[in-house]
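Coordinate inspection notes
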Amino acid sequence: VERQHRAAAEQESLVRRAAEERQRFLAEASRVLSSSLDAQEILRNLARLVVPRLADGCLVDFMDAGGAVARVASVHQVIELAELGWELAEQHAPSPDWPVGIPRVLRTGISERLAVVRDTDLDALAESPGHRYKLGEVRLKSMLTVPLWVRARVVGAVTLMHSDSGRHFSRADQAVAEDLAGRAGLAVENARLYADLQEEDRRKDEFLAMLAHELRNPLAPVQVAVQLLQQGKGSEASEHHAHEVIARQTRHMARLVDDLLDLSRITRGKIELRRERVDLHALVRRATDLAQQQLSAKRHQLVVELSDGPMWIDADPVRIEQVLANLINNAAKYTDVGGVVTVQVGRLGGGLELVVRDTGIGIAPEMQAGIFELFVQEKRASDRSQGGLGIGLTLVKQLVELHGGVVSAH
């Protein structure tokens, strides 16, 4: 009986020490993972943490915003096997719908543990004979793959391997690995939030610089015109020109201020739509008239394609005209002299679709999703010194959505 009590006490002590060791390891892991604000460096640190304490080797695969999966870490006690991990990712990446392994974990968010890896398991993991041969070279004895979660979405997978050590992964190991992956996911999320804040600050700085530039530019000709009028020595023609300069530049500044005020009202939920039953065709004609000056300045050809008969909508006519004028002006601004701007109105399902198309410089694919966000401007567009604050398309998006519609760029 005494021997049994002593054995039970020793077993309890071993379990307690193992639990304390796991907690120390996870605390150290949290410290290491939070020491960087670079997502890929965090994941490389994760792989270094688990080898050799939890596994002989570790692979980390990460999914970008577009859904493409890339290997960001391959660590193994045997250098050749670490290099083989990179080679497998480059030459034998399994398809996303593969029923086992990393693709399945990425797809389902459920961990996969092979306590003992058999030849049949390797056959199932391989997508080709060449892949199967390379998997055999890894000398897998036990394997564990856990999902990496960020913002309630699976964005990667962490694969732990035992090769020559003779160890095998247990349920307790799986729990530790999942806890570790959760901490890594939190660190990656913090890194992304930090990067987003930095990007937002950069955009705000650029916006303020552009705002100062856009408000300052009209002041110089206004000041010159005012000086000319104050001197009272100019001809009637020069005084008339001075008045025109002042009127034109003050209208430009007033439009900038109006856009800023509209944006502020929408952001604070203070804008009120004055809806009425109105013909969309009539709004298109009025909007094209508003944009005619900018179209004429660069000798653009305007093509308007309307369907037969009126198209009645329940909308605020002033705001819809503002949306259309902004889109047409934006198209004209970034289209070379003599280009074509097309406005089309048609039916789409149970609703209406309005398209503004141009022959201009276009929008880079990576910018298309964010072009309607505040402070975002297409880099190539700003390089061409076309002016503007980058808020026109933001107003378009906000006003369209207030009407229950959607807007997109292609």
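First things first, this report covers the structure right here in the doc. Nothing here was measured: the structure is a model prediction, and the numbers come from that model.

In space, the 5 strands of this open sheet follow the order E2-E1-E5-E4-E3, with antiparallel pairing throughout. The sheet is open, and its two borders are formed by strand E2 (69-76) and strand E3 (112-114), each paired with just one other strand. Sheet twist, expressed as the average angle between the axes of neighbouring strands with direction ignored, equals 15 degrees. Note: strand E4 (residues 142-150) against strand E5 (residues 153-162), 9 bridges, orientation antiparallel. Its bridge partner being in E5, Leu 144 is matched across the sheet by Leu 160. Where helix H2 (residues 39-50) meets the sheet, it contacts strand E1 (57-63), E2, E4 and E5, and its direction lies at approximately 35 degrees from that of E2. In this fold helix H3 (residues 79-91) packs onto E1 and E2, with an angle of close to 170 degrees to the strand it touches most, E2.

Below, the discussion takes up the packing of helix H12 (residues 317-333) against helix H14 (residues 392-402). Running from N to C, H12 and H14 cross one another at 145 degrees; their axes reach a closest spacing of 9 Å. For the crossing formed where H12 meets H14, the hand is left-handed. Of the residues in H14, those in contact with Arg 319, Gln 322, Val 323, Asn 326, Leu 327 and Asn 330 of H12 are Gly 392, Leu 393, Leu 395, Val 396, Leu 399 and Val 400. Looking at the contact of H12 with H14 residue by residue, the classes come out as 7 nonpolar, 4 polar and 1 charged.

What follows deals with the packing of aromatic side chains. Going through the model one piece at a time under the given rule, you end up with 0 aromatic pairs. Across the ring face of Trp 312, the terminal group of Arg 277 is positioned such that the distance to the ring centre comes to 4.3 Å.

Another point: unusual backbone geometry. Glycine aside, residues mostly have negative phi angles, and peptide bonds mostly take the trans form. Each neighbour pair has its own omega, and for Val 51 with Pro 52 the value is 5 degrees, a cis peptide bond. Its place among the elements puts Pro 52 in the loop between H2 and E1. Positioned with a positive phi, Arg 151 is a non-glycine residue whose angle comes to about 55 degrees. Looking at the secondary structure, you find Arg 151 in the loop between E4 and E5. According to the relative accessible area criterion, Arg 151 is partly exposed, its value standing at 41%. Residue Ala 152 is not a glycine yet carries a positive backbone phi of 60 degrees.

Reading the values: rules and limits
Residues numbered from 1 in each chain as written. Predicted model: local features only at pLDDT ≥ 70, side-chain atom pairs only at ≥ 80, totals over all residues. Heavy atoms only, no water. Pairing = 2+ DSSP bridges. Helix = DSSP H or I, 4+ residues; strand = E, 2+ residues; numbered from the N terminus. Axes fitted to C-alpha atoms, helices over the stretch in contact; angles between N-to-C directions. Contact = heavy atoms within 4.5 Å. Left-handed = near helix turned anticlockwise from the far one by under 90°. Nonpolar A, V, L, I, M, F, W, Y, C, P; charged D, E, K, R; others polar. Phe/Tyr/Trp six-rings, centres within 6.5 Å; stacked < 30°, edge-to-face > 60°. Lys NZ or Arg CZ within 6 Å of the ring centre and 35° of its normal. Buried < 20%, exposed > 50% of the residue type's maximum accessible area, 1.4 Å probe, protein only.

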